[in-house]
Each structure stands twice: as C-alpha cells, then as structure tokens.
Amino acid sequence: LPQFLRRNGYFTARVGKVYHDGMDGPDDWDVQLDPRPTSNIGRTGQGRNLTGGKFAFFHWIAAEGTDEDQPDGLIAREAIRLLNEKREKPFFLAVGFRKPHDPYVAPKKYFEPYPLEKIPAPEGPADDENDIPSAALPPVRHNLGVEEGREFRRAYYACISFMDAQFGKLLAALEASPAASNTLIVFFGDNGLHLGEHGWWNKVTLFERSARVPLIIALPGSQPPGAVCRQPVELVSLYATLAELAGLSPPSGLQAPSIVPLLRAPDGPWHRPAYTVVTRGKTLGRSIRTARYRYTEWDEGRQGVELYDHEMDPQEYHNLAADPSYSGVVRQLKRLLAASKPQP
Ligand SMILES: [Ca+2]
Ligand SMILES: [Ca+2]
C-alpha cells in the first residue's frame, strides 16, 4: 500500500511499528523513523513479571518519567512533526504505536484510573474448555492466578489509555492543521487479546477475543459521524478501500474488496464474511465470521470444528458445531470456508 501510494505521487512516512520490525519493503517510505528514548527512566518504576520470570513476557511497569520517556510518546511527537512539515505532495502517514503490546509499560499516571480492587477477574463457565478442540488453544498455558490476572488486566488497560492519549495528541495536531479538511483517518489494531477468557492470556487464537480488532474510519465531512457498522470486514480490505477513497485504481489481484459501500451506508447489504487463520505447529486453523456466526475448522475439521452463535453467545462459550439444530448452518459455513481455501 505505501509503495502504491508513493508511486502515485504521495509522500509516504512510517513512524513506529507498522510492519513487524525490520520488514519494510525497500521502496515503501520516503521517511521511516523508529524513535526510542535515550534514557532508562521510562523503564523504571513499580511492576513485576506476573509469572515470576517463567515466561519472558507478562511484565508490567507503572513507569517513572513522562510520555516522551516511552517509545509511543516519541512516535506521537515525530508523527506530529511530519504532519506539520510543509510539502507540495499529498501524504500517507503510517503511525504504529507499540502499546498495548507486552511489555505492559506506561507512565504511572495511566494506571491511576484503574484501581486494582475494581478490576474484575475473568469470568466464564467452569466447563468452558470441555467443548473446545485442543488445537483451539496453544499448548503452553500460562495459568495466571486471580491476583496476577487482575494486574495483567490493569496494565493492559493502562497501556491502552496511554496509547489513546498519544493518538489524541496526533488527532489534535491534525485538527489544528490545514490538512484536517481533506485527510482520511483509519484507526485499527492488528490483533485482539484474551484477558483470561477461555483460560488464555495472549493472542494467536481464532476466538473473537483474538481475531477481532478495533477499526474506525473517519472521512472528512462524512455523515452521519459516529455511525456503527455491524458487518464483519477485514483489514486486508484497507488497501482497496484507501485506493478507492484516494481516487486511484488499485492493482489487480487484491485479496479483499473495498469497503467504501459500507462507509457510505453502514446498514447497507454486505455478504462477505471475515476470514482468519492461525497455525499450531503444522496444523492450520481457519475461521470465518459472518454477521451472526463464527465457524472454525482445525486441519479442515480433522482436529475439531467450532460454531458460535453471536446472537445468543457473544463470549463464545458454547460450541454448537455438533448440535443437530445447527446442522444446516454448519453445512453452509463449511461450504463458504472451503470456497475460500487458497489455491496452491
Ligand atoms: Ca465452551
Ligand atoms: Ca500485533
């Protein structure tokens, strides 16, 4: 996408983590910046590893120092600087905040709105895992205690508030700039996270908690502002969407269509499900999400099948794949999933 926009006359810049670190293409960006604090103060403060060091991650710190003693504070600052530079070309600015990714480090003031005693521990039926295929959850479990789980959640919330504040600075700078009237904003994350749901504390599952991401798109002058679209869409649609909104013809062979029709009419018709895959060693898990259901196959069903009805069960506690009253739904979703199988 940045190459495409750059070839079409855009100034392109990347600040922070957009691709996995170090995986940028050679022609993606006019400018790429990875600002890091020069002092250690932002890595000091109250905190601990919630597994007693058994796993390298699961570490939180309510840090000393300011926003700009953290990478994300510097990422906001550098993005604002690029935004305010004078240039003739249109711009594409990809700003990759690092939080709320582990380690859960944020300035301590962002922990204050979340007193530990008010953080709920994970809920769910005690027998939740009985109907989950073993491939659905990764083999190495972390099994945080109740107290550790609360701390994990609080640190995650604090990191989100911290990142949100940095994004707010960037939005305020955009609002104050002449670019506000003709700049599109796309805000998204690249994965969700289990906060103890289904006994898991990470991503890499095909449950809604992991597969679903925030996606907010603001078009200048769009009406009505704040509209909510309930249809499932995919991040791979952003390429075609941004190309269309920029008035450019996208290259052929894109994996997913533009979602501009839904931006214009959030309640309008939409028939494409969202697809997600994950691996367990050599086993591939594939999942589709329609407006009502999530349907998942592990190794094409040989290692398990799941069906969740989001109308009745938004937390995905009850696997209905073997329920005879859903056999028609399973048949239909199985066909849809098979039709999407990548050709060798
Ligand atoms: Ca269950
Ligand atoms: Ca990620």
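Fair warning: this is a prediction, and the values are worked out from it, not measured in the lab.

### Here's the deal with the coordination of the calcium ion (ligand 1)
Around a metal, the ideal angle is 109.5 degrees if four donors adopt a tetrahedral arrangement and 90 or 180 degrees if six donors adopt an octahedral arrangement.
Line of reasoning, step 1. Donor atoms from the polypeptide that bind the calcium ion (ligand 1) are Asp-128 (O), Asp-128 (OD), Asp-131 (OD) and Tyr-317 (O), placed at 2.2 to 2.4 Å.
Line of reasoning, step 2. For the calcium ion (ligand 1), the single-chain donor residues occur in sequence as D-x2-D-x185-Y.
Line of reasoning, step 3. A residue is classified by how much of its surface remains accessible, and Asp-131, at 27% relative accessible area, is partly exposed.

### Examining the sheet that holds strand β4 (residues 59-63)
Line of reasoning, step 1. Across the sheet, which stays open at both edges, the three strands sit in the order β3-β4-β6 with mixed pairing between neighbours. The outermost strands of the open sheet, each flanked by one partner alone, are β3 (45-49) and β6 (104-107). Within this sheet the neighbouring strands show an average axis-to-axis angle of 5°, counted without direction.
Line of reasoning, step 2. Sheet topology places β4 next to β6; four bridges connect them, and they run parallel. Looking at β6, one finds that Trp-60 is bridged to Tyr-104.
Line of reasoning, step 3. Strands β3, β4 and β6 of the sheet are contacted by helix α3 (residues 146-175), whose axis makes an angle of about 55° with β6.

### Focus: the pattern of salt bridges
Line of reasoning, step 1. Under the counting rule described, the total for this entry stands at 26 salt bridges.
Line of reasoning, step 2. A salt bridge links Arg-292 to Glu-311; the nearest nitrogen and oxygen atoms lie 3.4 Å apart. Taken together, the residues span a long stretch of sequence, with Arg-292 in the loop between β10 (283-289) and β11 (293-298) and Glu-311 in the loop between β12 (305-309) and α7 (327-339) at a distance of 19 residues.
Line of reasoning, step 3. Residue Glu-311 is classed as exposed on the basis of its relative accessible area, which comes to 58%.

### Section: the packing of aromatic side chains
Line of reasoning, step 1. Under the counting rule described, the total for this entry stands at 16 aromatic pairs.
Line of reasoning, step 2. Plain terms: the ring middles of Phe-55 and Phe-57 are 6.0 Å apart, the flat faces sit at 40° to each other, and that makes the pair tilted.
Line of reasoning, step 3. When its relative accessible area of 14% is taken as the criterion, Phe-55 is described as buried.
Line of reasoning, step 4. Measuring from centroid to centroid gives 5.2 Å for Tyr-110 and Phe-162, while their planes differ by 55°, and the two rings are tilted. Placement of the pair is Tyr-110 in the loop between β6 and α3 and Phe-162 in helix α3, with a sequence separation of 52 residues. Grouping residues by exposure puts Tyr-110 and Phe-162 together as buried.

### Side note on the packing of helix α2 (residues 71-84) against α3
Line of reasoning, step 1. Contact pair α2 / α3: the axes reach a minimum separation of 9 Å and the direction vectors enclose 10°. In terms of orientation, α2 and α3 fall into the roughly parallel class. Contacts between α2 and α3 involve Asp-72, Gly-73, Ala-76, Ala-79, Ile-80 and Leu-83 from the former and Phe-162, Met-163, Gln-166, Lys-169, Leu-170, Ala-173 and Leu-174 from the latter.

### Section: the coordination of the calcium ion (ligand 2)
Line of reasoning, step 1. The calcium ion (ligand 2) binds to the protein through Asp-190 (OD), Asp-190 (OD) and Asn-191 (OD1), with metal-donor distances spanning 2.2 to 2.7 Å.
Line of reasoning, step 2. What makes Asn-191 partly exposed here is its relative accessible area of 25%.

### Describing the nonpolar core
Line of reasoning, step 1. If you look at the biggest cluster of nonpolar residues, it comprises 19 residues, and the most contacted ones within it are Phe-58, Trp-60, Tyr-104, Phe-111 and Phe-152.
Line of reasoning, step 2. Contributions of two or more residues to this core are made by β4, β6 and α3.
Line of reasoning, step 3. Those residues in contact with Phe-152, other than ones at most four positions away along the chain, are Leu-50, Phe-58, Tyr-104, Leu-144, Leu-193, His-194, Leu-195 and Trp-201.

### As for the pairing of β12
Looking along a regular strand, one sees side chains alternate from face to face of the sheet.
Line of reasoning, step 1. The element β12 is largely enclosed, with a buried count of four among its five residues.
Line of reasoning, step 2. The pairing of β11 with β12 spans five bridges and is classified as antiparallel. Bridge pairing in β12 links Tyr-295 to Leu-307.

### Regarding a nonpolar patch on the surface
Line of reasoning, step 1. Taken together, the side chains of Val-18, Tyr-19 and Met-23 make up a nonpolar region of the molecular surface, amounting to roughly 280 Å² of accessible area.
Line of reasoning, step 2. With respect to the element layout, Tyr-19 can be found in the loop between β1 (11-16) and β2 (31-33).

### Remarks on the domain arrangement of the protein
Line of reasoning, step 1. For the protein, the domain assignment lists domain 1 (2-229) and domain 2 (273-344).
Line of reasoning, step 2. Facing the 19 residues of domain 1 at the interface are 22 residues of domain 2.
Line of reasoning, step 3. Broken down residue by residue, the surface that domain 1 buries against domain 2 is led by Ala-135, Leu-206 and Glu-208, which jointly contribute 40%.
Line of reasoning, step 4. Scanning the region where domain 1 abuts domain 2 turns up two salt bridges.
Line of reasoning, step 5. In this assembly, domain 1 and domain 2 are joined by ten residue pairs in polar contact (both at pLDDT 80 or more).
Line of reasoning, step 6. For the side of domain 1 that touches domain 2, the residue count by class is eleven nonpolar, three polar and five charged.

### Some remarks on unusual backbone geometry
Line of reasoning, step 1. Of note, the amide linkage connecting Lys-99 to Pro-100 takes the cis form, showing an omega dihedral of 15°.
Line of reasoning, step 2. Counting through the fold element by element, Pro-100 comes out in the loop between β5 (91-96) and β6.
Line of reasoning, step 3. That bond from Asp-102 to Pro-103 is cis: its omega, 0°, falls within 30 degrees of zero.
Line of reasoning, step 4. As for its position among the elements, Pro-103 is in the loop between β5 and β6.
Line of reasoning, step 5. Its identity is not glycine, yet Glu-300 carries a phi of approximately 55°, on the positive side.
Line of reasoning, step 6. Mapped onto the elements of the fold, Glu-300 is located in the loop between β11 and β12.
Line of reasoning, step 7. A residue is classified by how much of its surface remains accessible, and Glu-300, at 40% relative accessible area, is partly exposed.
Line of reasoning, step 8. If you check the backbone angles, Glu-316 has positive phi at about 60° while not being a glycine.
Line of reasoning, step 9. Structurally, Glu-316 is set in the loop between β12 and α7.
Line of reasoning, step 10. Under the relative-accessibility criterion, Glu-316 is labelled buried at 1%.

How each quantity is defined
Residues numbered from 1 in each chain as written. Chains lettered and ligands numbered in written order. Predicted model: local features only at pLDDT ≥ 70, side-chain atom pairs only at ≥ 80, totals over all residues. Heavy atoms only, no water. Donors = N, O, S within 2.8 Å, 3.2 Å for Na, K, Ca; no water. Buried < 20%, exposed > 50% of the residue type's maximum accessible area, 1.4 Å probe, protein only. Pairing = 2+ DSSP bridges. Helix = DSSP H or I, 4+ residues; strand = E, 2+ residues; numbered from the N terminus. Axes fitted to C-alpha atoms, helices over the stretch in contact; angles between N-to-C directions. Contact = heavy atoms within 4.5 Å. Salt bridge = Lys/Arg side-chain N within 4 Å of Asp/Glu carboxyl O. Phe/Tyr/Trp six-rings, centres within 6.5 Å; stacked < 30°, edge-to-face > 60°. Parallel < 35°, antiparallel > 145°, perpendicular 65-115°, else oblique. Core = buried A, V, L, I, M, F, W, Y, C linked by side-chain atoms within 4.5 Å. Patch = residues over 30% accessible without salt bridge, like charges linked within 9 Å, V, L, I, M, F, W, Y side chains within 5 Å. Areas by Shrake-Rupley, 256 points an atom, 1.4 Å probe, with all protein chains shown as cover. Domains from an automatic or database assignment. Buried area = accessible area lost by both parts, 1.4 Å probe. Polar contact = N/O pair within 3.5 Å; in protein donor to acceptor, adjacent residues only side chain to side chain. Nonpolar A, V, L, I, M, F, W, Y, C, P; charged D, E, K, R; others polar.

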